[in-house]
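Spelled out, the chains give:
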Amino acid sequence: MRVITGSARGTRLEAPPGLSTRPTSEMCKEAVFSILHFELSEARVLDLFAGSGQMGIEALSRGAKSCVFVDNSRQAQAVIRRNLAAAKLAGKSRVEGMEAEPFLRSHTGPFDIALLDPPYGQQLCQAVLPLLAQRMSDQGIIVCETEREETLPEQAGAFSLHRTYRYGRAKVSVYRKQEEEEESYAAHGNLPRQL
C-alpha cells in the first residue's frame, strides 16, 4: 500500500493488523481521486473511519490544506500517526480517537471533502450522513465507499446523491449540494464514467 502521487508519492503505508480494517483497493483509491481531482487544492478534508489513514494521506499528498483522521481504534490511531510521519504530512493533520457520531456531534467543521470508508455491512454511512451533511461547506463533496449491494439514501440534509460508481465488490457514492453539482458539470464537463 503506497501513496499514488503528489508530495508523498511512493511512500509505503502500513495497515492496522487484523481483519477489522479493510484498506481501500488501489483501483478504488485511484477512482476516488480521479473524481476528486479538481476539488483537492487547499481543501479541508475529513477521513472518517480512517483505518490506516491512506485516503486522507493521499488527499494531503495531492494538495489538500488539512485533514482530520477519525478512528476509534487505538491501533489504527497509532498506525495513522506512523503513516503521517513516513509521508512527512503530520503538520497538516490531526488524529481523533473517537467514534464517528460523537466526533460529528462535537466538531462543527466545516469540511470541503469527507471520505467515508467504514466496515462493510454495518450501515454506518447511513447512520452518519445526516450529521455529516451539516458539517460540510457549501461547495463540499462527500465520498462514501460501501459494499456493492448496500443502499444509501438519495438525500443527506442539503446534499443529494450525485453519482455512483462500482469497482469490484466496492461501491463509491458521491454526494453534493444540488447547485454545486450543476456548477461542477459546467466547470469540469467530463467526469469519470459510471461503471
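Residues numbered from 1 in each chain as written. Predicted model: local features only at pLDDT ≥ 70, side-chain atom pairs only at ≥ 80, totals over all residues. Heavy atoms only, no water.

Asks: How do you make sense of the confidence of the model for the protein chain when you look at a structure like this?
Replies: If pLDDT is low for a region, its predicted coordinates should not be looked at in detail. Mean pLDDT over the protein chain: 88, with 88% of residues reaching 70 or higher. Element-level pLDDT for the protein chain is lowest in helix α6 (residues 178–188), with a mean of 55, against a maximum mean of 98 in strand β2 (residues 66–70). Overall, residues 190–195 carries pLDDT values under 50, and its contacts beyond four positions in sequence, including any with other chains, amount to twelve contacts. (pLDDT = per-residue confidence, 0-100. Helix = DSSP H or I, 4+ residues; strand = E, 2+ residues; numbered from the N terminus. Contact = heavy atoms within 4.5 Å.)

Asks: Any chance you could explain the nonpolar core here in plain terms?
Replies: Soluble, globular proteins show a tendency: their nonpolar side chains are buried together. Of all hydrophobic cores here, the largest spans 35 residues; its most connected members are L36, F69 and V172. Secondary-structure elements contributing two or more residues to this core are α1 (26–35), α2 (54–61), β2, α3 (74–87), β4 (111–116), β5 (136–147), β7 (159–167) and β8 (170–177). Considering each element in turn, this core owes the most residues, five residues, to α1. Once residues within four sequence positions are removed from consideration, V172 is found in contact with C28, V32, I35, V143, C144, R163, T164, Y165 and Y167. Core analysis: the next-biggest nonpolar cluster, separate from the first, contains 25 residues, L131, C144, L161 and Y175 among them. (Core = buried A, V, L, I, M, F, W, Y, C linked by side-chain atoms within 4.5 Å. Buried < 20%, exposed > 50% of the residue type's maximum accessible area, 1.4 Å probe, protein only.)

Asks: Where do I start with the packing of aromatic side chains in this structure?
Replies: How two aromatic rings sit relative to each other is set out by the distance from centre to centre and by the angle between their planes. Scanning the entire structure with this criterion turns up two aromatic pairs. The interplanar angle of 35 degrees and the centroid separation of 6.5 Å between the aromatic rings of F103 and F111 together place this pair among those described as tilted. F111 matches F103 in its accessibility class, with the two residues each being buried. Centre to centre, the rings of Y165 and Y167 are 6.4 Å apart; their planes meet at 15 degrees, and the pair counts as stacked. On the basis of relative accessibility, which here comes to 1%, the residue Y165 falls in the buried class. (Phe/Tyr/Trp six-rings, centres within 6.5 Å; stacked < 30°, edge-to-face > 60°.)

Asks: I tried to follow the pattern of salt bridges on my own but got confused; where do I start?
Replies: Pairing is possible between side chains that carry opposite charge, provided their charged atoms lie close to one another. Scanning the entire structure with this criterion turns up ten salt bridges. Residue K29 is joined to E58 by a salt bridge in which the shortest nitrogen-to-oxygen separation is 3.7 Å. With K29 in helix α1 and E58 in helix α2, this pair connects stretches of sequence that are 29 residues apart. Of the two residues, K29 and E58, neither departs from the other in class, the shared state being buried. (Salt bridge = Lys/Arg side-chain N within 4 Å of Asp/Glu carboxyl O.)

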